[in-house]
Amino acid sequence: WGLMLVLSVAIYGSHAPLLTLCKVDGMIPFSSTSVVVLVELTKLMFSLLFLLTWNRELLGVAVSWRHAAPFALSALLYAANNNLVVHMQLFMDPSTYQVLSNLKIVSTALLYSLFLHQRLSMRKWLALFLLVAAGVSYSCGGLQDPGSPSKMQLHVTLVGLLLISVYCLISGLSAVYTEAILKTQALPLSLQNLFLYFFGVLLNLIGYFWSSTEGGFLEGFSSWVLVIVVSQALNGLIMSVVMKHSSNITRLFVISCSILVNALLSVTLFSLQLTLLFFVAVSCIGLAVHLYYGVT
């Protein structure tokens, strides 16, 4: 269990550096929708493999459409958020997105508490707000390029604020809704994943053809893109285990802790420098872990 969480932290933390390694002349050379489709397809294939390996007896069992149908909404919410991330960039700069997207910690916790009837103590709420503070601190300048100005310029329009609010709401809703389905259904996780990722592939394929631009499906792909696809697929499967057997709160802590891996790789690969805000973020995460999981 601990190994899975550490692996997930490493995958989350390495995602942005891997994207940077993929860039050609400062631009991402491939279609992000193509990558999402391949990630969903890889998760679907892994889920089928797990089903054939450990739950083969289920292959002859008739499964009602009522078991599969709820996962269509999960896949729709995830697909909507993936597309929303792209469109939000038109109304705010990337730095502002990084800062404001930390609010999804609050939205996820609120929906988790409301819909799953999990009452959080003041101590735990304080821990979650410390995670938000850690994310904001790191996003505002935890890393610095020695050759660039240190002052950070934030820009967002009114439409951008509306979109980031919708994004945080859908992010929390999709995570909590999926956790609720995974826990209430008396089905093996491999079968539930099969349902979820089938709809994920279907919806994202529709999205790809809807927004298809010039160039092939695999145009601009490299070995680094393959690493991204496999790692993100593996992380998705790990997160389904976390939501089935733990909670979305654990997922939030995993994402926050990935700051450490992101910083280490950024310093090592791109010669970026750690700033005081990085150590503020690390301190906030450490205190948050202690408050939420420590002995009361």
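Residues numbered from 1 in each chain as written. Predicted model: local features only at pLDDT ≥ 70, side-chain atom pairs only at ≥ 80, totals over all residues. Heavy atoms only, no water.

1. Section: the overall build of the protein chain
For the protein chain, the count of helices and strands is 12 helices and two strands. Beginning at the N terminus, the succession of helices and strands in the protein chain can be written as α-α-α-α-α-α-α-β-α-α-α-α-β-α. For a compact globule of 296 residues, the expected C-alpha radius of gyration is about 19 Å, and the protein chain comes in at 19 Å, within 12% of that figure. Dimensions of the protein chain along its principal axes, counting C-alpha atoms only, are 60 × 55 × 40 Å. The 296 residues of the protein chain split such that 43% are buried. For the protein chain, contacts bridging at least 24 residues in sequence account for 88% of all contacts bridging at least 6. Just so you have it, the protein chain exposes about 15500 Å², and 70% of that area is on carbon and sulfur atoms. One way to put it: in the protein chain the 12 positive side-chain charges average out to a point 19 Å from where the 8 negative ones average out. (Helix = DSSP H or I, 4+ residues; strand = E, 2+ residues; numbered from the N terminus. Rg over C-alpha atoms; globule rule 2.2 N^0.38 Å. Buried < 20%, exposed > 50% of the residue type's maximum accessible area, 1.4 Å probe, protein only. Contact = heavy atoms within 4.5 Å. Areas by Shrake-Rupley, 256 points an atom, 1.4 Å probe, with all protein chains shown as cover. Lys, Arg positive; Asp, Glu negative; His and termini not counted. Charge placed at Lys NZ, Arg CZ, Asp CG, Glu CD.)

2. Structural notes on the pattern of salt bridges
Under the criterion given, the structure shown has two salt bridges. Between Lys43 and Glu40 there is a salt bridge whose closest N-O contact spans 2.9 Å. One end of the pair, Lys43, and the other, Glu40, are both in helix H2 (residues 32–54), three residues apart, so they sit about a helical turn from each other. Per residue, the accessibility class of Lys43 equals that of Glu40, and both read buried. (Salt bridge = Lys/Arg side-chain N within 4 Å of Asp/Glu carboxyl O.)

3. Side note on the packing of helix H4 (residues 70–88) against helix H8 (residues 158–184)
Contact pair H4 / H8: the axes reach a minimum separation of 9 Å and the direction vectors enclose 155°. Classed by the angle they form, the pair H4 and H8 counts as roughly antiparallel. Two packed elements cross with a definite hand, and for H4 against H8 that hand is left-handed. (Axes fitted to C-alpha atoms, helices over the stretch in contact; angles between N-to-C directions. Parallel < 35°, antiparallel > 145°, perpendicular 65-115°, else oblique. Left-handed = near helix turned anticlockwise from the far one by under 90°.)

4. Some details on the packing of aromatic side chains
The tally for this structure, following the rule as stated, stands at 14 aromatic pairs. On the numbers, 5.9 Å between centres and 75° between planes, the contact of Phe30 with Phe221 is edge-to-face. Of this pair, Phe30 sits in the loop between helix H1 (2–22) and H2 while Phe221 sits in the loop between helix H9 (189–210) and helix H10 (223–245); the two residues are 191 residues apart in sequence, bridging distant segments of the chain. For Phe221, a relative accessible area of 25% translates into the label partly exposed. Ring geometry for Phe71 and Phe195: centres 6.1 Å apart, planes at 45°, overall tilted. Here Phe71 is found in helix H4, whereas its partner Phe195 is found in helix H9, with 124 residues between them in sequence. With relative accessibility at 0%, the residue Phe71 sits in the buried group. A residue is classified by how much of its surface remains accessible, and Phe195, at 14% relative accessible area, is buried. (Phe/Tyr/Trp six-rings, centres within 6.5 Å; stacked < 30°, edge-to-face > 60°.)

5. As for the environment of Phe209
Topologically, Phe209 is positioned in helix H9. When its relative accessible area of 60% is taken as the criterion, Phe209 is described as exposed.

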